[in-house]
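Each chain is listed here by its residues.
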Amino acid sequence: MATFTTSVVLLRWQLMSAILMFMASSLNIRFRKSDYIGLAIVSSGLGVVAACWFATGLLGITLVDVSAIWHNIKSVMVEVASHAPPEWPMVIT
């Protein structure tokens, strides 16, 4: 029983995001059957956010890591753009 309690405490955010994914999927199905397209799109978006939260939680990625990754992507894109020829991108008329 102590092992089960410890695992629930340690995995509470992953469990919560998994429950949110399930609820978003269930709501999406109900909204589509009831022709509430807008609410179905919103519930799909919530499901995608919960899935990303679940994946980053399992991989151990924090907001600090996301910030560092974004900074690296930005610096690489600026470096690549600085080496591009001046007439790039070309417009074909």
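These figures come from a predicted structure and were not determined experimentally. (Residues numbered from 1 in each chain as written. Predicted model: local features only at pLDDT ≥ 70, side-chain atom pairs only at ≥ 80, totals over all residues. Heavy atoms only, no water.)

Enquirer: Report on unusual backbone geometry, specifying residues and quantitative values.
Expert: For Asp 35, which is not glycine, the phi torsion reads 60° and is therefore positive. According to the relative accessible area criterion, Asp 35 is exposed, its value standing at 61%. (Buried < 20%, exposed > 50% of the residue type's maximum accessible area, 1.4 Å probe, protein only.)

Enquirer: An account of the packing of helix α2 (residues 12-33) against helix α3 (residues 37-59) is requested, with residue identities and associated values reported.
Expert: Contact geometry for α2 and α3: axes closest at 8 Å, N-to-C directions at 160°. Between α2 and α3, the angle is such that the two are roughly antiparallel. Remark: the crossing between α2 and α3 carries left-handed chirality. Along its contact with α2, which presents Trp 13, Gln 14, Met 16, Ser 17, Ala 18, Leu 20, Met 21, Ala 24, Leu 27, Asn 28, Phe 31 and Arg 32, the element α3 presents Leu 39, Ala 40, Ser 43, Ser 44, Leu 46, Gly 47, Ala 50, Ala 51, Trp 53, Phe 54, Gly 57 and Leu 58. Looking at the contact of α2 with α3, its residues break down into 16 nonpolar, seven polar and one charged. (Axes fitted to C-alpha atoms, helices over the stretch in contact; angles between N-to-C directions. Helix = DSSP H or I, 4+ residues; strand = E, 2+ residues; numbered from the N terminus. Parallel < 35°, antiparallel > 145°, perpendicular 65-115°, else oblique. Left-handed = near helix turned anticlockwise from the far one by under 90°. Contact = heavy atoms within 4.5 Å. Nonpolar A, V, L, I, M, F, W, Y, C, P; charged D, E, K, R; others polar.)

Enquirer: Describe the environment of Phe 31, with residues and values.
Expert: Mapping Phe 31 onto the fold places it in helix α2. Here the alpha-carbon distance between Phe 31 and Ser 43, two residues 12 residues apart in the chain, equals 8.6 Å. Every residue in contact with Phe 31, bar those within four places of it in the chain, is listed here: Tyr 36, Leu 39, Ala 40 and Ser 43.

Enquirer: Lay out α2 with the relevant residues and their values.
Expert: Here α2 is 22 residues long and its end C-alpha atoms lie 32 Å apart, about the 32 Å a rise of 1.5 Å per residue gives. All buried positions along α2 are accounted for by Gln 14, Ser 17, Ala 24, Asn 28 and Phe 31. End-on view of α2: buried residues confined to an arc of 115°, all on one side of the axis. Exposed residues pointing more than 90 degrees away from the buried face of α2 are listed as Ile 19, Phe 22, Arg 30 and Lys 33. Note on α2: the residue one or two positions beyond its end, Asp 35, has a positive phi of about 60°. (Expected span 1.5 Å × (residues − 1). Arc of directions from axis to C-beta.)

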